[in-house]
Every structure is written in structure tokens, then in C-alpha cells.
Amino acid sequence: MVNTAENTEVLALRRSPAQHLWTEFSAGSVAGARGVSLREVPFQAMVGIRVDPLSEAGTRIGALTGGLPVSCGKVTSGPNGVSTLWVGPDEFLAIAPDHGVDDGGFVAGLVAALGDGAGQVIDLSSNRTTFELSGPSAREVLEKSCAADLHPRTFTEGTAITTEVGKIPVLLWKTGAETFQLFPRASFADYLGRWLLDGMREFAATGHPTWH
């Protein structure tokens, strides 16, 4: 286990892929009836899972994640804030909120659940980051560069899909009525963050800055 002093030191050293843009995200966010805001949700645990959800190994993993989603767009919820997104018939992304530095128990638990079953459990926490776009104009910002149908009658709350935003492959999850989370690869974080900021600029002309 990591002691308190070591834990504090490690936390202080962590840098997220878009941390250098946080000030710009705050300054570019807009309040009001046409408002939209952008932030990074750093350091979430993300685990890629490949397993037949109907197999014994899939059942064991599902017991830890709150079940595995059974079809495209579905998301399941489990203990400790864990969510699992459908990527393919036997491919999933499990996401857990950051609780600071620990002993890797989340990933280790999934590896142990897979056991000798056919499949993979891979820690992808450093491979991706999370952007959260929210507000009345969030959908309009995304629609500028996303070919998917994001109208609420089709892209309902709780749905997650694989798509492209600004020609960047992302997982896109509608977490609320006006809130979306995007999961780009870390190497695309700077590009996508600036792309989204550019798409938000028109709303700043008629809205009001969000003060922090």
C-alpha cells in the first residue's frame, strides 16, 4: 500500500493530457440560455475488456461491473461509480472515477475475474482522457463536426457510441439531458480540446462568460 506522504507526492506529480488547456476551457465556457462549458475529467480508471458476455468469465466480470451491456449504445452501472460502455459484441470499456492513487485493485479485480477464461483485460487509463461538454448549446457544438444523429429522440440520455468528432475517433456518451462525455486518445487531447473550444466561440458572442 502507498503511505500518505507518498500518495500526496504522486498525486502532485500527475499531469493529465489536457491540463495545459484548463484555463482556456474555463475562459471559453459560456453561461446563459445558449451556454456551453467544457472541462476535462482527469485520471479516470479505464479498462478495456474483451470477453463473451454470456461466458462464465463474462458473468464473473459482470458481477464486478454491474453487468455487461448487451447491445450497441448501452451502458451499465455498477458499484463505486463504475460504468461499462458497449464497444462491440464482445468488447467493452469499464470506467471508474478517480479516487486518487491506490494499489490498482479495480484492474486487478477484473483480471482475477477473467481468470483462465478467453478474453483480455487491459488497463487503458493512460491511453484516453475524458472531456465533458455541457449546457444548452453542447449538442450544437458537437453537431458541427460529428456525423452521428445526436437529436434527443435518437441519441437518448445514457447512450454511448463510437463515432468521430473533428475527425478524431471518440467514444461519445450522453450522460445527461445537456451533458456529453467524450473519450479521445490522450495523443489527440490537445487537438480535440482546441477544436471544441473553437466550436464554442459563436455562443460567447451572445452569452455571458462563466466566472470561476
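I will try to describe carefully the structure that is included in this document. (Residues numbered from 1 in each chain as written. Predicted model: local features only at pLDDT ≥ 70, side-chain atom pairs only at ≥ 80, totals over all residues. Heavy atoms only, no water.)

By way of backbone hydrogen bonds, the strands of a sheet pair with one another, either parallel or antiparallel. Across the sheet, which stays open at both edges, the five strands sit in the order 2-8-11-10-9 with antiparallel pairing between neighbours. Sheet topology places strand 2 (37-40) and strand 9 (160-165) at the edges, where each strand pairs with a single neighbour. Across the sheet, the axes of successive neighbouring strands diverge by a mean angle of 30°, strand direction being ignored. (Pairing = 2+ DSSP bridges. Helix = DSSP H or I, 4+ residues; strand = E, 2+ residues; numbered from the N terminus. Axes fitted to C-alpha atoms, helices over the stretch in contact; angles between N-to-C directions.)

Core analysis: the biggest nonpolar cluster contains 26 residues, and Phe131, Leu133 and Leu142 have the highest contact counts within it. No other element matches the six residues that helix 6 (residues 189-204) contributes to this core. Aside from chain neighbours lying at most four places away, what touches leucine 133 is Val36, Ser37, Leu38, Ala138, Val141, Leu142, Glu178, Thr179, Phe180, Leu182 and Met200. Ranked by size, the runner-up nonpolar core spans 14 residues in total, among them Ile61, Leu68, Ala113 and Val121. (Core = buried A, V, L, I, M, F, W, Y, C linked by side-chain atoms within 4.5 Å. Buried < 20%, exposed > 50% of the residue type's maximum accessible area, 1.4 Å probe, protein only. Contact = heavy atoms within 4.5 Å.)

A few words on the packing of helix 3 (residues 56-65) against helix 4 (residues 105-114). Where helix 3 meets helix 4, the closest approach of the two axes is 8 Å, and the angle between their N-to-C directions is 155°. When the axes of helix 3 and helix 4 are compared, the pair comes out roughly antiparallel. Of the two elements, helix 3 crosses helix 4, and the hand of that crossing is right-handed. Counting all contacts with helix 3, which are made through Ala57, Arg60, Ile61, Leu64 and Thr65, the residues of helix 4 involved are Gly109, Leu110, Ala113 and Leu114. Residues of the contact of helix 3 with helix 4, tallied by class, amount to six nonpolar, two polar and one charged. (Parallel < 35°, antiparallel > 145°, perpendicular 65-115°, else oblique. Left-handed = near helix turned anticlockwise from the far one by under 90°. Nonpolar A, V, L, I, M, F, W, Y, C, P; charged D, E, K, R; others polar.)

Taken together, the six bridges between strand 9 and strand 10 (residues 168-176) define a ladder with antiparallel strand orientation. Bridged to isoleucine 161 within strand 10 is leucine 172.

Summarising the element assignment, alanine 113 is placed in helix 4. Sequence separation between alanine 113 and glutamate 56 is 57 residues; the distance between their C-alpha atoms is 9.5 Å.

Below, the discussion takes up the pairing of strand 3 (residues 45-50). Counting buried positions along strand 3 gives five out of six residues, so the element sits mostly inside the fold. With six bridges connecting them, strand 3 and strand 6 (residues 91-96) associate as antiparallel partners. Residue pairing in the sheet places arginine 50 in a bridge with glutamate 91 of strand 6. Pairing geometry for strand 3 and strand 7 (residues 120-123), over four bridges, is antiparallel. If you follow glycine 48 over to strand 7, its bridge partner there is isoleucine 122.

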